[in-house]
Amino acid sequence: MRYCFFLCGFFLVNVAFGQVKQTHIYELEKKNTDDFFTVLPAGEKGVVIFRDTDDYKKGDKWQVVALDTTLVEKWNIELSIDTRYVFKGYELKNSTVYFLFRRGEMEKNDYHLITISIDNGEVERYDIKNEIALTLSHLEMLSDRMILAGYVNFSPTLVTYAMGGESFEVVPGFFKDRSTIVDLRSNENGTFNSVTLEKDYAANYIKLRTYSDDGELLFEREVESDDKHFVLSAKSSGFIDGNFAIAGTYSFRRSYYAAGIYLAIVKPKGQDNIIKYHSFADLDHFFDYMKPKRAARVKARLKRRSERGKELNYTSKLLLHEVRKSKNGYLLAAEIYDPEYIERNQGTYYGGVGFDNQSIRNRSRAAQSYAKQPSRLQNVEDADHFKYLESIVVEINKEGDIVWDNSMKIEDVETNSLEQVVQLTQSGDLVNMLYKAEEEIKYQSIQQEEIVEVNKEPLKLPNEYDKINHTYDGSGRSEYWFGNNFIVWGYHKVENKVETESRNRNVLFINKVVFK
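Residues numbered from 1 in each chain as written. Predicted model: local features only at pLDDT ≥ 70, side-chain atom pairs only at ≥ 80, totals over all residues. Heavy atoms only, no water.

Overview of the pattern of salt bridges
For the structure on display, the rule yields 17 salt bridges. The partner of Glu-419 in a salt bridge is Arg-477, and the shortest N-O contact between them spans 3.9 Å. One end of the pair, Glu-419, is in the loop between β30 (414–415) and β31 (423–427); the other, Arg-477, is in strand β36 (residues 477–482), with 58 residues separating them in the sequence. Considered together, Glu-419 and Arg-477 belong to a single accessibility category, that of buried residues. For Asp-466, the salt bridge identified is with Arg-505, shortest N-O distance 2.7 Å. Linking Asp-466 in strand β35 (residues 466–471) with Arg-505 in strand β38 (residues 504–515), this pair joins segments that are 39 residues apart in sequence. (Salt bridge = Lys/Arg side-chain N within 4 Å of Asp/Glu carboxyl O. Helix = DSSP H or I, 4+ residues; strand = E, 2+ residues; numbered from the N terminus. Buried < 20%, exposed > 50% of the residue type's maximum accessible area, 1.4 Å probe, protein only.)

Written out as structure tokens, the structure is:
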């Protein structure tokens, strides 16, 4: 096993506006037979990486590594996992990483929770009794409590687990049968939100519920939709100016393709909620990923339909990642993607080692049956991989109207799971956007509709004589870290013609990237 660290000096000259610097590099050897790592940014606590070693000769073993903010290892441990345990989800909260397992395939089986301190690698284990046949869809951690959401006989159900307790507790509350859980998130004040899509004989509606850490219902509010707008996804915010915000995508006639985005501002009882829908034609930069002639034709067709009073029927696959507070109201971030499918009798080869498609799917977080999945309304469960076209950023004011939008074209990115590709930071009117594309980092800075800077640079390697011979497609990405810091990571084969030992190496790499 080989470790390699690269440190830049701390004496920096003045740099151009929006420029990025790769200041530190970490490498960890990956053999052809090794499983892939999951990489989790932990803010100023550093980075956590983990994988199943698939070494069943000694019982199932997991490798977990923690790095500091200079990408130097703090600790590297091996976890023994009972071979009967099925991995169900993970979460990283404050200074702790959580791994949740279920004992066997049956949904009523007991659970096992492992926690690891990021500071010192201290491991604790908890056995959890379970009698609930919960099909898990979401996992969220509060400071000392785990929240699970899923379905019992198709009915949404929430359960909590207090650290050190013996069993799960069902969160009381009435959920309509066959309604859909579309979001579960924790808030900074120790509460948590659930968002469900529900319907009755009169209308479709979104329901937001806010709970205390022990599952007491604190707030409940419905946001009515209509038969014309079918909600596909939803992301809730914490409190923003005394209200909650819910943003997502909608379709027409229950299609799985999005026709636009919506923003709902959920107000205290006694005040009217706000919900407004915006078709893709309402966005100035939505079609920027297309060739100019095609974009012009699409816009002209939509304009003609609008002038005739017809429905704007342009649809796309759009994954909305987040809604956050902005200067004028709310900032939404989303990406256009295409799910793609491979015939089952075809093989995919990485670096001379062949993996069948089922093996690739088993490495995909979206394909596995544990939390951290996209909403089932995305209808991407059978996709083998995803191709990304564009990232869009939209600011919406407190009345629900669009203030501005902008975009960043995504090139040369395919992933095995549906996930956020372009990461961003926000400082006043400036938004920095960044993603990893094969052997490059691409980035841009925008100020509302104006693109201030567009640039790219090659991935930096630890040695000036290093050369990338092969990049493993479908794995690796960029991640927002903290402040103006990002990480980009992935796998590649590196050749160094000068070294006599370790001339060729297959590695997991993590690069620290700083916006200056």
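Examining empty space enclosed by the protein
Enumeration over the complete set of coordinates arrives at three cavities of 30 Å³ or more. Volume-wise, the largest cavity comes out at about 60 Å³. Along its surface, the largest cavity is lined by Ser-326, Lys-327, Asn-328, Leu-331, Glu-395, Trp-404, Gln-426, Gly-428, Asp-429, Val-431 and Gln-448. Residue composition of the lining of the largest cavity, grouped by class: three nonpolar, five polar and three charged. (1 Å grid on protein atoms, 1.4 Å probe; cavity = no way out; pocket = protein on both sides within 12 Å on 5 of 7 lines; lining within 4 Å. Points joined across faces, edges and corners; volume = space filled by probe spheres on them. Nonpolar A, V, L, I, M, F, W, Y, C, P; charged D, E, K, R; others polar.)

Observations regarding the nonpolar core
Ile-246, Leu-263, Phe-286, Phe-287, Tyr-314, Leu-318 and Leu-332 are the most contacted members of the largest nonpolar core, which has 50 residues in total. Looking at this core, the element that brings in the most residues is strand β22 (residues 260–266), giving six residues. Residues Tyr-337, Tyr-388, Met-408 and Tyr-435 belong to the second largest nonpolar core, which totals 22 residues. (Core = buried A, V, L, I, M, F, W, Y, C linked by side-chain atoms within 4.5 Å.)

What about a negative patch on the surface?
Together, Asp-144, Glu-169, Asp-213, Asp-214 and Glu-216 line one region of the surface with negative charge. Positionally, Asp-213 belongs in the loop between β17 (204–211) and β18 (217–224). The exposure class assigned to Asp-213 is partly exposed, which follows from its relative accessible area of 32%. (Patch = residues over 30% accessible without salt bridge, like charges linked within 9 Å, V, L, I, M, F, W, Y side chains within 5 Å. Areas by Shrake-Rupley, 256 points an atom, 1.4 Å probe, with all protein chains shown as cover. Lys, Arg positive; Asp, Glu negative; His and termini not counted. Charge placed at Lys NZ, Arg CZ, Asp CG, Glu CD.)

Some details on the pairing of strand β16 (residues 192–199)
Summarising burial for β16: seven of the eight residues are buried, a large majority. Connecting the antiparallel pair strand β15 (residues 180–186) and β16 is a turn made up of five residues, with Gly-190 showing a positive phi of about 90°. Judged from the eight bridges that link them, β16 and β17 form a sheet pairing that is antiparallel. Among the inter-strand pairings, Phe-192 is bridged to a residue of β17, identified as Tyr-211. (Pairing = 2+ DSSP bridges.)

Some points on the packing of aromatic side chains
Under the counting rule described, the total for this entry stands at 30 aromatic pairs. Both rings, one in Phe-50 and one in Trp-62, keep their centres 5.7 Å apart while their planes meet at 5°; by these two values the pair is stacked. Within this pair, whereas Phe-50 is found in strand β4 (residues 47–52), its partner Trp-62 is found in strand β5 (residues 60–67), the two being separated by 12 residues in sequence. Across the pair, Trp-62 and Phe-50 agree in class, each one buried. Relative to Tyr-277, the ring of Tyr-250 has its centre 5.2 Å away and its plane inclined at 80°; by these criteria the two rings are edge-to-face. Taken together, the residues span a long stretch of sequence, with Tyr-250 in strand β21 (residues 244–251) and Tyr-277 in strand β23 (residues 274–279) at a distance of 27 residues. (Phe/Tyr/Trp six-rings, centres within 6.5 Å; stacked < 30°, edge-to-face > 60°.)

Things to note about a positive patch on the surface
The grouping of Arg-301, Arg-304, Arg-308 and Lys-310 at the surface amounts to a positive patch. Mapped onto the fold, Arg-308 is located in the loop between α1 (292–307) and β24 (318–325). Residue class for Arg-308 comes out exposed when judged on its relative accessible area of 58%.

Quick look at the environment of Asn-130
Mapped onto the elements of the fold, Asn-130 is located in the loop between β10 (123–128) and β11 (135–141). With 28 residues separating them in the primary sequence, Asn-130 and Arg-102 have C-alpha atoms 9.5 Å apart. Non-local contacts of Asn-130, meaning those with residues more than four positions away in its chain, are made with Glu-107, Lys-108, Asn-109, Asp-110, Tyr-111 and Phe-168. Separated by 3.1 Å, the side chain of Asn-130 and the backbone oxygen of Glu-107 make a polar contact. (Contact = heavy atoms within 4.5 Å. Polar contact = N/O pair within 3.5 Å; in protein donor to acceptor, adjacent residues only side chain to side chain.)

A look at the confidence of the model for the chain
Summarising the model, the chain shows a mean pLDDT of 85, and 87% of its residues fall at 70 or more. In this model, residues 1–16 is a region of pLDDT below 50 whose contacts with residues beyond four sequence positions or in other chains number 38 contacts. Predicted confidence for residues 344–371 stays below pLDDT 50, and this span has 64 contacts to residues more than four positions away or in other chains. (pLDDT = per-residue confidence, 0-100.)

A closer look at the pairing of β17
Most of β17 is tucked away, with eight of its eight residues classed as buried. Alternating positions in β17 separate into two faces, Asn-204, Ile-206, Leu-208 and Thr-210 on one and Tyr-205, Lys-207, Arg-209 and Tyr-211 on the other, with burial throughout. Pairing geometry for β17 and β18, over seven bridges, is antiparallel. Bridging across to β18, Lys-207 finds its partner in Glu-222. With antiparallel pairing between neighbouring strands as the criterion, β17 and β18 make up a hairpin whose turn holds five residues, including Gly-215 at a positive phi of roughly 90°.

Observations regarding the sheet that holds strand β3 (residues 38–41)
Here we have four strands laid out as an open sheet, ordered β3-β4-β5-β6, and antiparallel in their pairing. Two strands bound the open sheet, and with one partner strand each, they are β3 and β6 (73–81). Going across the sheet, the axis of each strand differs from the next one's by a mean of 15°, ignoring polarity. Examined bridge by bridge, β3 and β4 share four bridges and lie antiparallel to one another. (Axes fitted to C-alpha atoms, helices over the stretch in contact; angles between N-to-C directions.)

Re the sheet that holds strand β34 (residues 450–458)
Spatially, four strands are ordered β31-β32-β33-β34 in an open sheet, and the strand pairing comes out antiparallel. Across the chains shown, the open sheet's two edge strands, defined by having one partner strand only, are β31 and β34. In this sheet, neighbouring strand axes are inclined to one another by 15° on average, regardless of whether the strands run parallel or antiparallel. Two strands pair when backbone bridges link them, and β31 and strand β32 (residues 430–437) are joined in this way by five bridges, in the antiparallel orientation. Along β32, the bridge assignment pairs Gln-426 with Val-431.

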